[in-house]
Amino acid sequence: MNRVHESARTPQDQTEQGELQTAATQPAQGEQQTQQAHGEQPMQPAATFNGAPLTAAPGATIAAALIGSGRQSWRTTRGGAARGLFCGIGVCFDCIVTIDGESGQRACMIPLANGMTITSADA
């Protein structure tokens, strides 16, 4: 194997790598300037939850949108206990919702998208 130890990399290599990582996560400079020049903000996805409007920042999960809208829970167990976001990484089933008629979806794993119809798992 031909591995290069991190300390063997030159500062220029490290700078270039950092620039590549930054470029991959940010909008292109021209695109960002165009949005700012026209006063545009990135489009917020809009959906509904149990018939009420639901919006969030681009890339936010359904669970983040629900928490951001002031909801701490969005379903109940058979015993009546409130459930919402617990682990936030898709391991548990506390945050399940029905999305566009498909039940058993983990709200913490699915980004909010335009036009989604989301309902409580027990609605």
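Remember, predicted model here, so these are calculated numbers, not experimental data.

Engineer: Sorry if this is basic, but what is going on with the overall build of the protein chain here?
Structural biologist: Helices and strands together make up the secondary structure of the protein chain, namely three helices and seven strands. N-terminal to C-terminal, the α/β element order of the protein chain is α-α-β-β-α-β-β-β-β-β. Put simply, of all contacts in the protein chain between residues at least 6 apart along the chain, 38% involve residues at least 24 apart. Carbon and sulfur atoms make up 51% of the accessible area of the protein chain, which totals about 8400 Å².

Engineer: Is there a simple way to explain the nonpolar core in this structure?
Structural biologist: Soluble globular proteins: nonpolar side chains tend toward being buried together. Of all hydrophobic cores here, the largest spans 18 residues; its most connected members are Ile62, Trp74, Leu112 and Ile118. Looking at this core, the elements that each hand over two or more residues are β1 (46–49), α3 (62–68) and β5 (96–99). A total of four residues in this core trace back to one element, the largest contributor, which is α3.

Engineer: Could you clarify how one ought to interpret the pattern of salt bridges in this entry?
Structural biologist: For side chains of opposite charge, pairing can occur when their charged atoms come near one another. Throughout the structure, instances matching the rule amount to two salt bridges. Measuring nitrogen to oxygen at the nearest pair gives 3.5 Å for the salt bridge that ties arginine 83 to aspartate 94. Of the two residues, arginine 83 sits in strand β4 (residues 82–83) while aspartate 94 sits in the loop between β4 and β5, which places them 11 residues apart along the sequence.

Engineer: Where do I start with the sheet that holds strand β2 (residues 52–55) in this structure?
Structural biologist: Two modes of strand pairing occur in sheets, parallel and antiparallel, and in both the strands are linked by backbone hydrogen bonds. Spatially, β2-β1-β7-β5-β6 is the arrangement adopted by the five strands of the open sheet, whose pairing is mixed. Edge positions in the open sheet fall to β2 and β6 (102–106), since each of these has one partner strand only. Pairwise comparison of adjacent strand axes, ignoring direction, gives a mean angle of 40 degrees for this sheet. Pairing analysis gives three bridges linking β5 to β6, with the strands arranged antiparallel. Paired with valine 97 across the two strands is glutamine 105, which belongs to β6.

Here is what the cut-offs are and how they apply
- Residues numbered from 1 in each chain as written.
- Predicted model: local features only at pLDDT ≥ 70, side-chain atom pairs only at ≥ 80, totals over all residues.
- Heavy atoms only, no water.
- Helix = DSSP H or I, 4+ residues; strand = E, 2+ residues; numbered from the N terminus.
- Contact = heavy atoms within 4.5 Å.
- Areas by Shrake-Rupley, 256 points an atom, 1.4 Å probe, with all protein chains shown as cover.
- Core = buried A, V, L, I, M, F, W, Y, C linked by side-chain atoms within 4.5 Å.
- Buried < 20%, exposed > 50% of the residue type's maximum accessible area, 1.4 Å probe, protein only.
- Salt bridge = Lys/Arg side-chain N within 4 Å of Asp/Glu carboxyl O.
- Pairing = 2+ DSSP bridges.
- Axes fitted to C-alpha atoms, helices over the stretch in contact; angles between N-to-C directions.

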